[in-house]
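Fold and geometry: a report
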Amino acid sequence: GAVVSQHPSRVICKSGTSVKIECRSLDFQATTMFWYRQFPKQSLMLMATSNEGSKATYEQGVEKDKFLINHASLTLSTLTVTSAHPEDSSFYICSAGPGAREQYFGPGTRLTVT
Amino acid sequence: AQSVTQLDSQVPVFEEAPVELRCNYSSSVSVYLFWYVQYPNQGLQLLLKYLSGSTLVKGINGFEAEFNKSQTSFHLRKPSVHISDTAEYFCAVSENPTGRRALTFGSGTRLQVQP
């Protein structure tokens, strides 16, 4: 099946710094990618829809200035957590796919803000 | 808006016993339905999906699920579980076919298989 990669798999950063997470579709082009967030022992919550060549669409309650999304090519979307705080510590997962029929998930990025 | 309910947060079961993980959904439009499994500190792996056609869907690792439109359910079953099936299981929906493509997830069910 199609593969979606994420980098890094784990990152630890200090409070106040910014962290960039990459999501790549390895063997298909994705005009749309999705970013989810998962707190410990909880479900995945959609944060935003990343659209190639245009602005991302954010879910209600997600700060667009804090979670910057850039979808510069058909195979790469990046999520930058700006001025990270401990409450931003979470598991971030991206997905991409040919449509509503199937989404392929990346392996996730564990962010820890100290 | 669509929603997914997984009533059981944890399901303990003995090895080789059958198991059913329940999932109910709510949507104003027709949906695609999915079951994913997540092992600790890993991403999601697709177990199976219902798009159309036969309401009984077979997936990987011996799992199957049945779509019941009248009861808006998509319960996951396995006739005999293994220790290695211990994981978190998520039911999810997306709108069919040109609607919202992002998935809406249930809260998850932790399947704990005991020897």
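Residues numbered from 1 in each chain as written. Chains lettered and ligands numbered in written order. Predicted model: local features only at pLDDT ≥ 70, side-chain atom pairs only at ≥ 80, totals over all residues. Heavy atoms only, no water.

A closer look at the nonpolar core
Let me state the cut-off plainly: Each nonpolar core is a collection of buried residues, namely Ala, Val, Leu, Ile, Met, Phe, Trp, Tyr and Cys, held together in the definition by side-chain atoms within 4.5 Å. Burial classification: accessible surface area is computed with a 1.4 Å probe over protein chains only, and a residue below 20% of its type maximum counts as buried, one above 50% as exposed, and the rest as partly exposed.
Leu33, Trp35, Leu47, Leu48, Phe74, Leu76 and Tyr89 of chain B are the most contacted members of the largest nonpolar core, which totals 27 residues. Counting 23 residues, the second largest nonpolar core, distinct from the first, contains Cys13, Met33, Ala48 and Cys94 of chain A.

Considering the pairing of strand β2 (residues 10-13) of chain A
For a regular strand, side chains alternate in direction, first toward one face of the sheet and then toward the other. All names here are of chain A. Short version of the rule: Helix and strand definitions here come from DSSP, where helices need a minimum of 4 consecutive H or I residues and strands a minimum of 2 consecutive E residues; each element is numbered from the N-terminal end. In this description, strands pair whenever DSSP reports at least two bridges between them.
The side-chain alternation of β2 yields one buried face, formed by Val11 and Cys13, and one unburied face, formed by Arg10 and Ile12. Note that β2 and strand β11 (residues 109-113) share four bridges and pair parallel. Considered in β11, the bridge of Ile12 is made with Thr112.

Observations regarding the state of the cysteines
Condition: Cysteine sulfur atoms are paired as a disulfide whenever they fall within 2.5 Å.
Here the structure, examined in full by the defined rule, presents two disulfides over all chains. In this model Cys23 of chain B forms its disulfide with Cys91 of chain B; the gap between the sulfur atoms is 2.0 Å. Measuring handedness by torsion sign, the sulfur bridge of Cys23 of chain B and Cys91 of chain B sits at about -65° and is left-handed. Placement of the pair is Cys23 of chain B in the loop between β3 (19-21) and β4 (24-26) and Cys91 of chain B in strand β10 (residues 87-95), with a sequence separation of 68 residues. Residue Cys23 of chain B is classed as buried on the basis of its relative accessible area, which comes to 0%. Free of any disulfide, Cys13 of chain A has its nearest cysteine sulfur in Cys94 of chain A, 18 Å distant.

Observations regarding the pattern of salt bridges
Residue and element names in this part refer to chain A. For clarity, the cut-off: Only one rule defines a salt bridge in this text: a Lys or Arg side-chain nitrogen within 4 Å of an Asp or Glu carboxyl oxygen.
Tallied over the full model, the rule gives seven salt bridges over all chains. One salt bridge in this structure joins Glu22 and Arg24, with 3.5 Å as the shortest N-O distance. Taking the relative accessible area as the measure of exposure, Arg24 reaches 32% and is therefore partly exposed.

A closer look at the interface of chain A and chain B
The criterion, for reference: For this analysis, residues touch if any pair of their heavy atoms sits within 4.5 Å. Accessible area, probed at 1.4 Å, shrinks when two parts are joined; the buried area is that loss added up over both. Polar contacts here mean pairs of N or O atoms no more than 3.5 Å apart (in protein, one a potential hydrogen donor and the other a potential acceptor; neighbouring residues in sequence count only if both atoms are side-chain atoms).
At the junction of the two partners, chain A supplies 23 residues and chain B supplies 22 residues. Buried surface at the junction of chain A and chain B, summed over both partners, amounts to about 1800 Å²; 51% is from carbon and sulfur atoms. Summed over the shared surface of chain A and chain B, the result is zero salt bridges. Taken together, the links from chain A to chain B amount to five residue pairs in polar contact (both at pLDDT 80 or more). Counting residues per element, the ones that place at least two in the side of chain A that touches chain B are β4 (32-38), β5 (44-51), β9 (90-99) and β10 (102-105) of chain A. Broken down by element, the residue count for the side of chain A that touches chain B peaks at five residues, all from β9 of chain A.

As far as function goes, none of this settles anything; it's purely spatial.
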